[in-house]
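Geometric and topological summary
Next come the chains, spelled out residue by residue.
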Amino acid sequence: MAVTTATAATFQAPASAEQTPAMSKSISSVIPAPAIAQPDARQAFRLGWGTVIFTQIGSREAASVGKQLAEVLRPSTGFPVPVLPAFVHGHGISLLLGGADARVGKEGYELKVERNQILIRANTPAGLFAGTQTLRQLLPASVESKSRQKGPWVVPGGKIVDFPRFGYRGAMLDVSRHFFSVDEVRGYIDQISQYKVNRLHLHLSDDQGWRIEIPGWPRLTSYGGSTEVGGGPGGFYTKEQYLELVAYAKQKYITIVPEIDMPGHTNAALASYAELNCNGIAPPLYTGTSVGFSSLCIDKEITYKFVEDVIRELAALTPGEYIHIGGDETHATKPADYVKFMQRVTPIVAKYGKKAAGWHEIAKTQNDPSVLPQYWGTDDVDEEVVAAAQRGNKILLSPAHKSYLDMKYDRNTPLGLTWAGLIEVDTAYGWNPGAFVKNLPESSVLGVEAPLWSETLENSDHIEFMAFPRLPAIAELGWSPWSTHDWESFRQRLAQQGDRWARQNVNFYRSPKIAWNS
Ligand code: TNX
């Protein structure tokens, strides 16, 4: 077994094959770095008019993965790229279920690139999808163009056996501070799915806006969703729109994790329903960016009727196992009340068949080992999180000074905040989730998540500028084995993404740390 460190230099162009720009890259030149990659300089596959995508007979999902791949390939190559059930193996790209290396597990895949065929094998359609994302990156960047481009369309030869280090590889989008439309969220899903991210956490409520319809509480959205930071019109998702997002994400093997932040960060709800306030008076809507001034009323029974109605609905809309109940920055809730609230609310999540995730402050409120604290601290010490792990809880890592995509890159970054520091792409890449929090063993780490808070972000251009190139750095920390971790290798592989983003119209930040290829 050859474990490469995914350096760009390992590939030698074969004497017999045509020299093309694509040939300067190796089968390991992708993000996230593959677990195991063996370049084979004697092999290379060239896409042509006759290239067919063959998909596992009888699997609708394999067919859908094949179709999604064809939809990337057709506009730029101009080739017809039919997608057919795999009765025959010809000159083509085969997506097959079963028969893969045992190590690939549930989300991994095996990819073989030979002169006559490309073969992706996996145990699940999710694995096939992951394999096709690798394949995209092995083609020239121009394959990402929406219009016809000149080939040749050469894929470097060799074999990959690939599988994730962590099961939870997340991105978070704050759709409360500024609202993002269904199309804007879809766009982000398209982008993050290319880096094998498998969770999208949506921060659906905060002081500035409530963004998801809840039966029986119509003012949450009609009033509570009617504005955003800066006083713009805000918005919200109807149940149908939200389910559309869930289904769209599912096609790309991403599970949406919904968050309703409570008991703090609740001004939008408190403004919508006076009865949720201890004094019975609804505060005005809020369009500023302060935090920590609002709280649900811990001693009122209606609070728990409200919370249960919300959790019941979120659970019904959620195929995944987690509902995120927030719990951060509750400066307007007395510490004892916070504990009381969480101890009452986490069992409601269980009642509807889900597990509770929460910002890491939740760790101090209970002993339930199914709760998932999300660590967002700015250093590597947290005794309460470590104590929770010792009781059996899994921990999700989002250290703010490393993984917060809303922090500025440097002092001149036009968007973003600075409270957790300046985060250039080498800082985002430079930490080991398995050994980051002191005394928190890798076995207790469920995975990583890169949050994108939107106080300063208003549209997809803004989202993209903050997420790229840092999101791929966090995605690699979540997927690739630590043995592949190497800044030099990463920065070379990252440089090759620039042209891909340009072709996809992704408004990325041209970090001066990277020698971009376009
Ligand atoms: C802290 S991180 C928050 C958010 C802000 C974010 C801005 C966390 C759990 N809470 O309310 O949007 O900082 O970076």
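Report follows, based on the coordinates.

The rules we used
- Counting starts from 1 at the beginning of each chain's written sequence and moves along it residue by residue.
- Selection of residues for local features in this predicted model requires a pLDDT of at least 70, selection of side-chain atom pairs for listing and counting requires 80 or more, and totals for whole chains, interfaces and linings are taken over all residues.
- The side-chain quantities take in all heavy atoms of the structure and omit both hydrogens and water.
- Put simply, DSSP H or I for four residues or longer makes a helix, DSSP E for two residues or longer makes a strand, and each gets a number counted from the N terminus.
- C-alpha atoms define the radius of gyration, and 2.2 Å times the number of residues to the power 0.38 defines the globule rule.
- Per-residue accessibility, obtained with a 1.4 Å probe over protein chains only, is compared with the maximum for each type, and a residue is labelled buried under 20%, exposed over 50%, and partly exposed between these values.
- Between two residues, a contact is recorded if the distance between any of their heavy atoms is within 4.5 Å.
- In this description, accessible areas are obtained by the Shrake-Rupley approach with a 1.4 Å probe, and a residue is regarded as covered only by the protein chains that are shown.
- Pairs of strands are assigned from DSSP output, requiring at least two bridges between the strands.
- Look down the strands so they point away from you; if the path from the first strand over the helix to the second goes clockwise, the crossover is right-handed.
- Helix axes are fitted only over the stretch in contact, all axes being lines through C-alpha atoms; the angle between N-to-C directions runs from 0 to 180 degrees.
- Within this scheme the basic residues Lys and Arg register as positive and the acidic residues Asp and Glu register as negative, but His and the chain ends are omitted.
- For this analysis, a salt bridge means a side-chain nitrogen from Lys or Arg found within 4 Å of a carboxyl oxygen belonging to Asp or Glu.
- Under this definition, polar contacts are N or O atom pairs within 3.5 Å; protein pairs additionally need one hydrogen-donor-capable and one acceptor-capable atom, and for neighbouring residues in sequence, both atoms have to be side-chain atoms.
- Pairs of cysteine sulfur atoms within 2.5 Å are what we label disulfides.
- One less than the residue count of a helix, multiplied by 1.5 Å, gives the span that helix is expected to have.
- In this description, one arc is meant: the one made by directions from the helix axis to the C-beta atoms.
- Residue proximity to a molecule or strand is established when one non-hydrogen atom of the residue lies within 4 Å of it.
- Under the grouping applied here, Gly and all other residues not named as nonpolar or charged are polar, the nonpolar ones being Ala, Val, Leu, Ile, Met, Phe, Trp, Tyr, Cys and Pro and the charged ones Asp, Glu, Lys and Arg.
- Two aromatic rings, drawn from Phe, Tyr or Trp (for Trp, its six-membered ring), form a pair once their centres lie within 6.5 Å of each other, and the interplanar angle then sorts them: stacked below 30 degrees, edge-to-face above 60, tilted otherwise.
- Either the NZ atom of lysine or the CZ atom of arginine qualifies as a charge over a ring when it sits within 6 Å of the ring centre and within 35 degrees of the ring normal.

Right, let's talk about the overall build of the protein for a bit. A count of helices and strands for the protein gives 15 helices and 17 strands. For a compact globule of 518 residues, the expected C-alpha radius of gyration is about 24 Å, and the protein comes in at 23 Å, within 12% of that figure. For the C-alpha atoms alone, the extent of the protein along its principal axes is close to 80 × 45 × 45 Å. When burial is assessed residue by residue, the protein has 61% of its 518 residues classed as buried. In the protein, once contacts between residues fewer than 6 apart in sequence are set aside, the share between residues at least 24 apart is 73%. Of the accessible surface of the protein, which amounts to about 18600 Å², a share of 52% is contributed by carbon and sulfur atoms.

Attention now goes to the pairing of strand S15 (residues 372-375). In S15, alternate side chains face the same way, and those of Leu 372 and Gln 374 on one face and Pro 373 and Tyr 375 on the other are all buried. Here strand S14 (residues 355-359) pairs with S15 via three bridges, running parallel. In the sheet register, Gly 358 faces S15, and the bridge partner there is Pro 373. As judged from the two bridges shared by S15 and strand S16 (residues 395-397), these two strands associate in the parallel manner. Considered in S16, the bridge of Gln 374 is made with Leu 396. The handedness of the S15 to S16 crossover, carried by helix H9 (residues 383-390), is right-handed.

This paragraph deals with the sheet that holds strand S5 (residues 109-113). Spatially, S1-S7-S5-S6-S4-S2-S3 is the arrangement adopted by the seven strands of the open sheet, whose pairing is mixed. Edge positions in the sheet fall to strand S1 (36-47) and strand S3 (83-85), since each of these pairs with one other strand and no more. The sheet shows a mean angle of 25° between the axes of neighbouring strands, direction not considered. Where S1 and strand S7 (residues 153-162) come together, eight bridges link them in antiparallel fashion. In the strand pairing of S7, Ile 36 is matched with Val 161. Each of S1, strand S2 (52-55), S3, strand S4 (92-97) and S7 touches helix H1 (residues 60-77); the most contacted strand, S2, lies at about 170° to it.

Okay, the side chain of Glu 449 next. For Glu 449, the location among the structural elements is in strand S17 (residues 445-452). Here Glu 449 is buried and forms no salt bridge, its nearest opposite-charge partner Arg 199 lying at an N-O distance of 7.7 Å. Engagement of the side chain of Glu 449 in a polar contact is seen with the side chain of Gln 374, the distance being 2.9 Å. Look past the residues within four positions of Glu 449 in its chain and what remains in contact with it is Tyr 168, Gly 170, Ala 171, Met 172, His 201, Gln 374, Leu 396, Leu 397, Ser 398, Ser 403 and Ile 474.

Disulfide: a covalent bond formed between the sulfur atoms of two cysteine residues. Across all of its chains, the model carries one disulfide by this definition. Here Cys 278 engages in a disulfide with Cys 297; their sulfurs sit 2.0 Å apart. On the S-S bond that ties Cys 278 to Cys 297, the torsion sits near 100°, and the link is right-handed. One end of the pair, Cys 278, is in the loop between helix H6 (267-272) and helix H7 (301-317); the other, Cys 297, is in the loop between H6 and H7, and 19 residues separate them in sequence.

Turning our eyes to something else, we now look at helix H5 (residues 239-251). The first and last C-alpha atoms of H5 sit 19 Å apart over 13 residues, in line with the 18 Å expected at 1.5 Å per residue. Residues of H5 that are buried include every one of Tyr 242, Leu 245, Val 246, Tyr 248 and Ala 249, and no others. The arc enclosing the buried residues of H5, seen along the axis, measures out at 165°, which places them on a common side. Within H5, the exposed residues directed more than 90 degrees away from the buried face are Glu 240 and Lys 250. Positive phi appears at Tyr 253, one or two residues downstream of H5, with a value of about 60°.

Attention now moves to the site of the ligand. As a structural note, the neighbourhood of the ligand is formed by 13 residues, with Arg 177, Tyr 404, Asp 406, Trp 419 and Glu 455 the closest of them. Between Asp 406 and the ligand, the recorded distance is 2.6 Å, taken from a side-chain N or O atom to an oxygen atom. At 2.6 Å from an oxygen atom of the ligand is found a side-chain nitrogen or oxygen belonging to Glu 455. Relative to its unbound accessible area of 370 Å², the ligand is 98% covered by the protein chains. When the residues that make up the shell around the ligand are grouped by side-chain class, the tally is seven nonpolar, one polar and five charged.

What characterises a pair of aromatic rings is the spacing of the ring centres plus the angle enclosed by the ring planes. Here the structure, examined in full by the defined rule, presents 25 aromatic pairs. When the centroid spacing of 6.0 Å and the interplanar angle of 55° are considered together, the rings of Trp 49 and Phe 79 count as tilted. Of the two residues, Trp 49 sits in the loop between S1 and S2 while Phe 79 sits in the loop between H1 and S3, which places them 30 residues apart along the sequence. In textbook terms, an aromatic cluster arises when at least three aromatic residues are bridged by ring pairs, as seen for Tyr 195, Phe 468, Trp 501, Phe 508 and Trp 516. Residue placement shows Arg 344 over the ring face of Tyr 304; its charged tip is 4.0 Å from the ring centre.

Next up on the list: unusual backbone geometry. Ile 31 connects to Pro 32 through a cis peptide bond whose omega is -5°. Mapped onto the fold, Pro 32 is located in the segment before S1. Even without a glycine there, the phi angle at Tyr 253 is positive, about 60°. Assignment of secondary structure puts Tyr 253 in the loop between H5 and strand S12 (255-259). The phi dihedral of Asn 439 falls on the positive side, at around 70°, and the residue is not glycine. Relative to the helices and strands, Asn 439 resides in the loop between helix H11 (425-429) and S17.

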